[in-house]
Amino acid sequence: MQTLQKTKIKASYAKSEGARGLQTVHFLKKHTNRGVIFLKSFVKLAMLATAVTVLGACGNSNSSNESDKTLTILVEGGSPAEKVAKETAAEFKEKSGYEIKIDSVPYSGVYDKLKAEIDAKKATHDAAIIDVLWFPALAKGLSPVSDVITQEQLDDFLPQLDDSATIDGELLGLPTWTNSKILLYRKDLFEDETNKEAFAAKYGYDLTVPKTWQEYKDAAEFFTKDGMYGTSVFGQTGGDAVSSWLDLAAQAGANPLIIDDNNKVLVDEKPYVESLEYLQSLIKDKSVPEDYLSIASTETAELFNSGKLAMQIAWGHFYLTSEEALPGKVGAAPALSGSAGIGAVPGPWYQVILKDSEKKDVAEEYLAFMYDKNEMYMDTLGIAGRKSVFEKYTNNEAYAHIDAISATLDGPQTQNRPKISEWTQIENEVLSPMLQRVLAGEDAQKELNAAKVEIENIMNN
Amino acid sequence: MNTINRKTMLYFFLPAAIFMLVFLLYPLITLIIDSFSMTLGDGSREFVGLSNYIKAFSSATFLKAFKNTIIYVFLAVGLETVLGLFLSIVLTHKYKGFTALRTLMLSPLMIAPIVAGLIWKFMLSNQFGIINALLVKFGLIESTSSILWLANPNITLISVVIADVWLTTPFMMLMFLAGIQGISDGLYEAAVMEGASKIQMIFRIIIPNIKPVLFSALIVRIIDAARSFDIIWAMTQGGPNNSSELLSVHIYKMLQRYSDIGLSSAMAMIFISVLISITLIFRKKINN
């Protein structure tokens, strides 16, 4: 009986608990359904917001919004291009009503950004200042500029400058500055009487500023003493070292450089062998720092400015910083003369307009404006792109490098690198590693023969 | 009773699905298509089959970069694991000044890889760098030109490994520290009572108990090390003579410098396949 009562009580209790449980479930279901409906709406709203944001961002991606009065320029960060662009921006705005927006990136970033824009056919910049090396690869995305300036202004280009920027008969850039490697040397060491006597005694001729390969080699050997090296050899990975070697190849008679107009590869010929063997001899003499495989322009300039080098073959504009570091002690002379005469590979930079820019007319106005301001690059960098500016600074002691650059640019063997789109690949994948192997001791002719095959493969691909 | 039905679940998944489609699947599919194509001058693609893959495997520079990547990963991750483990064990013990020491050890993590690369480039310069200057001062080398860290093709890869180890050991240290702090004190007490030495405690207690953390850290670091670009580019740009060029640098040059989209895509696909295989192997080990 008691068991039955207990069971009934339990059953009743269970029933009420069950009812409460059901009530809880109904409550939860009701509010969960509401929650789910709320979440559904929220998700739909979130998706809509995302879609609107993405589409809106896509629509505003480039500088070609006609309602904004800005012109976007791409320059190398920290370069004279950036400095002069900033200094002239206010004046251009006053003249044209357009604000100059300057985008500055590291050297390789300029090429990378422009390449990406041109390949995507979508310009986020209207104009840029580029290295001459990049013309073949970027040409398809650049706008011709021969109508931007007058014939008189075109005639004011320094030697080689119109040729460097002309691709398929079209002039694609206006020069900002040109440059070449020249010889910078320690005037005080060369003029020292003790050095003069010792040199004459050892080498049998007077110590003078080197003009020939032999004079340079002897001077480098002579000045390697007392914690100083005579000079340096560029062996760092990249184009700077390759162009340094090509200067010597040109001086030894190479013309054209590496590839001719019929795409015949010339790299295994005598001038290239001779120039490599000459560099090997400087290393063998121990006249250069031992870490030549990590040295190029910047490192050489640092060594020279810290008094560790007696001479440097450097880009002309380095004269100003060297003279600042060693006041009154730095001299400048033209590039060396090999068996074929003075020769060098010029390194100009150009102002260009992007074909896909929607403000091409304003960009053209900007280019013409900046061409008139070309002298500002002389103040900032010590070099310019116009003959008239160079002539103004000739015989100026503070710009002693100008005469040396002019003489080098006028040299019989001074010439540009091949204007082919494969040049960057040939330079980085073939010539740079090959140069490094030869400098490290490999046989020059053997390496050049192998390089010829590699270049031919690249050209045929 | 289902409170959330299948349709609702799909709605929840939709934003993530759109994101994955746009930023993961679409680029991956484009990469695969590009790897079997050649891009012509006008931007159009021409199907070339396996030609790009054959070219990649026949390229001496690609194979050299592949080999360099394996060596780099093996050395860098190996050293980081050993050092990270050692430092984490040291830092589990509380002593005076350990907080300051831990903060100091974590400081490389705050530095961007490209900045670290530039710092090490200057430190390893034999003309101006502090490393060789100190080694000469302590009589370990004869002159600052005795070791050409960035100019000797035989040791440049080791130089970039050193920079990477300095930069990333704190990450491994942090991971292991978290794992070690999860080990019960009772295990140590029992080990002490049984007369275990410090070395035995490391190999019999610490390492077995942090195995999941160890494998997770290893897989993250292997993938990260294989993808290294900034440090290499800042220090050597892959030279001299491609001696420090990793796959990431090589693929970058192929695509960005030489615009060989097909070949660089094929190389990237090979690279991704290798990394996915490694990830799957490690995942199996973690699950076991």
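Please read these numbers as outputs of a predicted model, since none were measured by experiment. (Residues numbered from 1 in each chain as written. Chains lettered and ligands numbered in written order. Predicted model: local features only at pLDDT ≥ 70, side-chain atom pairs only at ≥ 80, totals over all residues.)

Student: Describe the environment of Asp206 of chain A, with residues and values.
Tutor: Residues and elements named next belong to chain A. For Asp206, the location among the structural elements is in the loop between helix H8 (193-203) and helix H9 (213-223). On a C-alpha basis, the gap between Asp206 and Glu277 in space is 26 Å, while along the polypeptide they are 71 residues apart. Once residues within four sequence positions are removed from consideration, Asp206 is found in contact with Lys196 and Ala200. (Helix = DSSP H or I, 4+ residues; strand = E, 2+ residues; numbered from the N terminus. Contact = placed C-beta atoms within 7 Å.)

Student: Give me the lowdown on the confidence of the model for chain A, citing residues and values where you can.
Tutor: Mean pLDDT over chain A: 87, with 85% of residues reaching 70 or higher. Of the regions scoring below 50 in pLDDT, residues 16-21 of chain A engages in zero contacts with residues more than four places distant in sequence or in other chains. (pLDDT = per-residue confidence, 0-100.)

Student: Help me get a handle on the interface of chain B and chain A, residues and values and all.
Tutor: Contacts between the two partners involve 25 residues from chain B and, on the opposite side, 27 residues from chain A. Sorting the residues of the side of chain B that touches chain A by element identifies helix H1 (6-35) and helix H12 (247-257) of chain B as the ones contributing at least two each. Sorting elements by how many residues they give to the side of chain B that touches chain A places H1 of chain B first, with five residues. Tallied by class, the residues present in the side of chain B that touches chain A amount to 10 nonpolar, 13 polar and two charged. (Nonpolar A, V, L, I, M, F, W, Y, C, P; charged D, E, K, R; others polar.)

Student: Please give an account of the packing of helix H2 (residues 51-58) of chain B against helix H13 (residues 261-287) of chain B that cites residues and values.
Tutor: Residue and element names in this part refer to chain B. Where H2 meets H13, the closest approach of the two axes is 8 Å, and the angle between their N-to-C directions is 75°. In terms of their interaxial angle, H2 and H13 are classed as roughly perpendicular. Residues Asn52, Tyr53, Lys55 and Ala56 of H2 form the contact with H13, whose own contacting residues are Gly262, Leu263, Ala266, Met267 and Ile270. Its residues assigned to classes, the contact of H2 with H13 shows six nonpolar, two polar and one charged. (Axes fitted to C-alpha atoms, helices over the stretch in contact; angles between N-to-C directions. Parallel < 35°, antiparallel > 145°, perpendicular 65-115°, else oblique.)

Student: Run through helix H7 (residues 156-180) of chain B, naming residues and quoting values.
Tutor: Helical periodicity: at 3.6 residues per turn, an α-helix aligns residues three or four positions apart in one direction. Residues and elements named next belong to chain B. When the terminal C-alpha atoms of H7 are compared, their 35 Å separation across 25 residues agrees well with the 36 Å that a helix rising 1.5 Å per residue should span. Along H7, the largest kink reaches about 40° and is centred on Thr168; proline Pro170 follows within four residues of it. A large share of H7 lies buried, amounting to 19 of its 25 residues. (Expected span 1.5 Å × (residues − 1). Bend = angle between axes of the 7 residues up to and from the residue. Buried ≥ 20, exposed ≤ 12 C-beta atoms within 10 Å, placed from the backbone.)

Student: Can you break down H8 of chain A residue by residue, with the values?
Tutor: Counting buried residues along H8 of chain A, only one of its 11 residues qualify, which leaves the element largely exposed. Positive phi appears at Gly204 of chain A, one or two residues downstream of H8 of chain A, with a value of about 80°.

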